[in-house]
Each structure stands twice: as C-alpha cells, then as structure tokens.
Amino acid sequence: MAKYNIAVIRGDGVGVDVIEEGLRVMRAVAPRHGIEFVFQEFPWGTAYYLEHGRMMPPDALDLLGPFDAIYFGAVGHPDVPDHITLHGLLLPIRRGFDQYVCERPNVLYPGVTTPLRGKNPGEIDLVVVRENTEGEYADVGGFQYQYTEQEVAIQSAVFTRHGCERVIRYAFELARRRGKKRRVTSVTKSNAQRYGMVLWDRAFADVSREYPDISTESLLVDAACMNFIRRPESFDVVVASNLFGDILTDIGAIVTGSMGLAPSGNVNPEGRYPSCFEPVHGSAPDIAGKGIANPLAAILSAGMMLRHLGAEDAASAVQRAVERVLAEGKVLTPDLGGAATTLQVGEAVARLVTSV
Ligand code: NAD
Ligand code: IPM
Ligand code: MN
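Conventions we followed
Residues numbered from 1 in each chain as written. Chains lettered and ligands numbered in written order. Predicted model: local features only at pLDDT ≥ 70, side-chain atom pairs only at ≥ 80, totals over all residues. Helix = DSSP H or I, 4+ residues; strand = E, 2+ residues; numbered from the N terminus. Buried ≥ 20, exposed ≤ 12 C-beta atoms within 10 Å, placed from the backbone. Domains from an automatic or database assignment. Contact = placed C-beta atoms within 7 Å. Nonpolar A, V, L, I, M, F, W, Y, C, P; charged D, E, K, R; others polar. Near = placed C-beta within 6 Å. Pairing = 2+ DSSP bridges. Axes fitted to C-alpha atoms, helices over the stretch in contact; angles between N-to-C directions.

Asks: Kindly report on unusual backbone geometry, identifying the contributing residues and their values.
Replies: Even without glycine at this site, Arg182 takes up a positive phi of about 50°. Within the secondary structure, Arg182 is located in the loop between helix H6 (161-178) and strand S8 (183-188). Among the residues examined, Arg182 registers 15 C-beta atoms within 10 Å and is labelled partly exposed. The phi dihedral of Ala284 falls on the positive side, at around 45°, and the residue is not glycine.

Asks: I'd like to hear about the domain arrangement of the chain, residue by residue, with values.
Replies: Here the chain is described as being made up of domain 1 (1-103 + 261-356) and domain 2 (125-255). Each partner contributes residues to the interface: domain 1 has 14 residues there, and domain 2 has 15 residues. Listing elements by their share of the side of domain 1 that touches domain 2, those giving two or more residues are helix H5 (90-96) and strand S4 (101-107). For the side of domain 1 that touches domain 2, a count of residues per class yields 8 nonpolar, 2 polar and 4 charged.

Asks: Lay out the site of ligand 1 with the relevant residues and their values.
Replies: Ligand 1 sits among 23 residues. The nearest are Gly76, Gly260, His281, Gly282 and Asn294. When residues of the shell around ligand 1 are traced back to their parent elements, those giving at least two are helix H1 (14-29) and helix H4 (82-88). Per-class residue counts for the shell around ligand 1 are 12 nonpolar, 7 polar and 4 charged.

Asks: I'd love a proper account of the sheet that holds strand S11 (residues 265-267), names of residues and values included.
Replies: The pairing of strands in a sheet comes from backbone hydrogen bonds and takes either a parallel or an antiparallel form. In spatial order, the strands read S2-S1-S3-S12-S11-S4-S5-S10-S8-S9; together these 10 strands make up an open sheet with mixed pairing. Looking at the sheet topology across the chains shown, the edges are occupied by strand S2 (35-41) and strand S9 (215-220). Taken over all neighbouring pairs, the strand axes of this sheet differ in orientation by 25° on average, direction set aside. Across 2 bridges, the pairing between S11 and strand S12 (residues 275-277) is antiparallel. Bridging across to S12, Asn266 finds its partner in Cys276. Most of the contacts of helix H7 (residues 196-208) go to S8, to which it runs at about 165°, and overall it touches S8 and S9. Contacts between helix H8 (residues 221-230) and the sheet are confined to S8 and S9, with S9 contributing the most and set at about 110° to the helix.

Below, the structure is given as structure tokens:
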C-alpha cells in the first residue's frame, strides 16, 4: 500500500469546486492501485485574508513542508487586489519550495474543438516548461514617492546562470523522456532585453550542446505567440521565462479547447520540497458559484501529481478516463459546448477511472 500525504488548498472562486472533483477522482482511483491518500485541507485564500489579514499563516511553508505534494485550486478575488492575494499565497509557495519548473502540457484531445481552423485532435501535443522562481517574477523592486505626482516604480527581472541552466536542462530531459518530436524551442526577447535574455540565450546554447540528439529552435516571444496559433502542431517542448511561459500557456490552453482543460505542475525536480499541482486557470470570478467550471484541468493536474509521486498506473487511469469523457462528448461543461455541471463531469470521470 502506497500512502501519500497531500496538502489541499482550494483557494478562491472556482478553485473550490474543481478541487472537489479532483479529490473525488483520486478517491475513486486509489483502491484499485493500492494507494491510500491522506488529504489535509488548509482553508487559505481570500476569505482567510479578510478574517486574519493574511492569505496564509506565517508558518505556512513549515506546515506544508512535510507533505508529499500540494494540490491547489486557484487564488484571486474581485474584492482584494491581485498583487496581495497572489503574493500572499501562491507565489511564496512556488519560490519558497524552489519549484523552479512549471510544467504545462497542452494536448488537443479527440472530442475537443479548437478555435483554430484545420487543426485536428492528436495534432497538437506540446509542453511548456516555464521557469517558475525568478525572471520577471523575481520579487525585486519598489516604489518611491508612492501616490505622489513624482511616483516611481522599479520592477527588476532577475536571470541567473544557474536558474536558466537548470530549467533549460529539465526541458531537454523532458524532450528525451517524451520521445516524441525530440525538439526544444527556446522563447526569448534578446533583441530588446539585452541583459537577462542574452544570458538566457547563452545558457540555452550551452545546455543544448549536451543534447545532440534533440533539435532546437529559438523564437522571439512575439513570434512564438503567433506560431502557437499558426503552427502549434510543430512544438514539442517549449522552454520559456516566467512571464513568457505564463502568457504562452493561456494561448496553449485555448488553442487546445479551453482554459478548463489545461493542467500544471510546479515542480521541485530534486524532491527537496513538495511540488504543487494546480490548473493553469484562475479563480474565474465570471463563472464562480455557478457550478459550471470545467474540473478537467484540476483532474488532469491530479493525474500529473500521481505521476510525480510515482503512481504511474493510477496517473494513466486518470488520463484515460478524462480522454474517454472528452471523446464520448456526453458530459461536458459549457466551455466545451456541453450543458453538464462541474459535479457531473467529476462524477463521470470518477465512474470511468476504475474501469479504463
Ligand atoms: P481565469 O483563468 O480565472 O479566467 C479566464 C477565462 O477562462 C474566464 O472567462 C473564465 O471563465 C474561463 N475559465 C477559467 N477556468 C475555467 C474553468 N475551469 N472552466 C471553464 N472556464 C474557465 O483568469 P482571469 O479572469 O484573468 O483571472 C481571474 C482571477 O484569477 C484573478 O484574480 C487572477 O489573478 C487569478 N488567477 C489565479 C491563478 C492561480 O491561482 N494559479 C491563475 C490565473 C489567474
Ligand atoms: C498562472 C497565474 C499566475 C502566474 C498569477 C495568478 C500570479 O496566471 O499560474 O498562470 O502568473 O503565474
Ligand atoms: Mn497564467
């Protein structure tokens, strides 16, 4: 019996509902694969902030540290500025646990319609490896003369040789492991950003020499955005800085059908700290509380978590059950053209996960 201790943070908005369905699916898949899950919920998020004046307690990382993994919903609420909520909860977890790889697969599954003309299921199958602890998201900067006419804001991006190399190396290893197109695309902007992105390019060139079996490509981020729409089928592994990876993964989500389908893992590859699995999407205030959020991104994120924990068979079962629900096309939420609720989709996957 494999026992996994999972910290659960549902957060805000649709995060609450989609995590419920991810938990349902994990509970359903567990017995068949000799898994015992111990889920411990942490009620952190904007409601906690409004009550306690902070998004999570000061010793939050100490509390989370002993867990095998973290399963996360979403943060963000219209009543509190995003820079407070995100910097109080999600971003400190990514940085504090050195989750320097953010792995975000985008697959166009059979049964799913892409807004792109002429792209067929099976054709788009890429993974964005996003740098997740530094770059444009480094917490370096400040205000001077704030709220006066002279106010100044400085926001610095931090690119380290170590930080660039390790995430780029992960991307090459992943291209080998996937064994698909065996190609890594680097996303840059060294034409305009002549320090950090130049270091990024050099790190990419240096690491790529260690992988002569993997072909490479380097695209400026503006052209990369265009090509995610024009020729998404050409990508295999795409490695990008924190901000560029963030932007590209919303494009990757929508060209493969929906924000509600895109999973993600914030990974500390060395396993020194727990990794955190969450959908790419946010708290979706426009549909929160309506019971219609697509839970499949959260369920696929649970699948990524199982694979990360070493429960390969259970992870594959989750993946296959989701693919079956999509291919059958009978129980889908409105973002995928259906009329089902979050709960109905979660139940459909949970039913299938024991028989696929
Ligand atoms: P969003 O991802 O929440 O929503 C973008 C669009 O996608 C909306 O139209 C929404 O309805 C749709 N969508 C998102 N998830 C869906 C789902 N599961 N099923 C169906 N449709 C779905 O992005 P946003 O509107 O820019 O941000 C909303 C809030 O979430 C903000 O506070 C933002 O800061 C936060 N946010 C948090 C995370 C996170 O916690 N990881 C990620 C992104 C945004
Ligand atoms: C994501 C989100 C976060 C990010 C925000 C909410 C800080 O957009 O996980 O993609 O930019 O990393
Ligand atoms: Mn994002």
